[in-house]
Amino acid sequence: MKLLGSLTCPFVRKVRVVMAEKKLDYELLLEDVWADDTIVQQYNPLGKIPCLIMDDYGSLFDSRVIVEYLDTLSPVSRLIPQSGRERATTKAWEAVADGLMDAAESIHVELTQRPTARQCSDWTNRQKNKILAALKHMEAELSSTQPYCTGNNLSLADLAVGCALAYLDLRFPDLDWRSECEKLAGLLTKLESRPSFQATTLDELTAN
């Protein structure tokens, strides 16, 4: 398998972390979707990363679709419950984390890709409010008596939340989210000790 992505995209990192947890082999192809010679639209009509190119030359896109598929490829470290409320809860955590990442990415693109005179502060503030609301929600939902988002076992919920929080640190280092979210801070510290997170560290991301 080949994964089209960038080292700074949190959605790509989520896929890479899942692949590491599942012990799946793949080739990472770095792709700049803003470049004139980007090839991503050959595999994803929306022109977005991550995009997974499978060995049969088919492709999957959208990180949520990709990680759902990856979790079926190996019985190692099942990350998504098969059915029922546990599955819905796990996917709901992923949805909130993805929403936070989307808002953070949107702000970054607005501030770095759009000329200053055309930037919309009202729109940017709306994205910031989404980030703050997502943090407040996740902190309230995270139990102080259980080690992970959905209970005693690591799941996709934790990996998505960890990638979202780490992306905030990368793009908005002055955002002091830890002071209001002690449980989330503890979760991120725990996740960053895992090989899957260490293999996709923020030092690596910052260098690219």
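Definitions and limits used
Residues numbered from 1 in each chain as written. Predicted model: local features only at pLDDT ≥ 70, side-chain atom pairs only at ≥ 80, totals over all residues. Heavy atoms only, no water. Helix = DSSP H or I, 4+ residues; strand = E, 2+ residues; numbered from the N terminus. Buried < 20%, exposed > 50% of the residue type's maximum accessible area, 1.4 Å probe, protein only. Expected span 1.5 Å × (residues − 1). Pairing = 2+ DSSP bridges. Right-handed = clockwise from strand over helix to strand, strands pointing away. Axes fitted to C-alpha atoms, helices over the stretch in contact; angles between N-to-C directions. Contact = heavy atoms within 4.5 Å.

A. A look at the overall build of the protein chain. When you go through the protein chain residue by residue, the secondary structure sums to eight helices and four strands. Counting from the amino terminus, helix and strand elements in the protein chain follow one another as β-α-β-β-β-α-α-α-α-α-α-α. Expressed along its principal axes, the backbone C-alpha trace of the protein chain runs to roughly 50 × 45 × 30 Å. Split into buried and exposed, the 208 residues of the protein chain put 44% on the buried side.

B. Fine view of helix H1 (residues 10-22). With 13 residues, H1 should cover 18 Å at 1.5 Å per step; its first-to-last C-alpha distance of 18 Å lies within 8% of that length. The buried count for H1 comes to 12 of 13 residues, which makes it a mostly enclosed element. Of all the positions in H1, only Pro10, Phe11, Val12, Arg13, Lys14, Val15, Arg16, Val17, Val18, Met19, Glu21 and Lys22 are classed as buried. Phi for Lys23, located one or two positions after H1, is positive at around 60°.

C. Structural detail: the pairing of strand S1 (residues 2-5). By the bridge criterion, four bridges tie S1 to strand S2 (residues 27-30) in an arrangement that is parallel. Along S2, the bridge assignment pairs Lys2 with Glu27. Handedness of the crossover joining S1 and S2 through H1: right-handed. As paired elements, S1 and strand S3 (residues 51-53) share three bridges and run antiparallel to each other.

D. Fine view of the sheet that holds strand S4 (residues 59-61). Taken together, four strands build an open sheet; the order of strands is S2-S1-S3-S4 and the sheet is mixed. Every other strand in the sheet has two partners, leaving S2 and S4 as the edge strands with one partner each. The sheet shows a mean angle of 20° between the axes of neighbouring strands, direction not considered. Contacts from H1 reach S1, S2 and S3, with the element oriented near 155° to S1. Set on the sheet, helix H2 (residues 63-70) makes contact with S3 and S4; between it and S4 the angle comes to about 125°.

E. Up close: unusual backbone geometry. Backbone torsion omega between Ile49 and Pro50 reads 5°, so that peptide bond is classified as cis. By the secondary structure assignment, Pro50 is in the loop between S2 and S3. For Asp62, which is not a glycine, the phi torsion comes out positive at approximately 80°. Positionally, Asp62 belongs in the loop between S4 and H2. Even without a glycine there, the phi angle at Ser77 is positive, about 50°. For Ser77, the position within the fold is in the loop between H2 and helix H3 (84-113). Exposure remark for Ser77: the relative accessible area of 34% places this residue in the partly exposed category.

These values are about where atoms sit, not about what they do.
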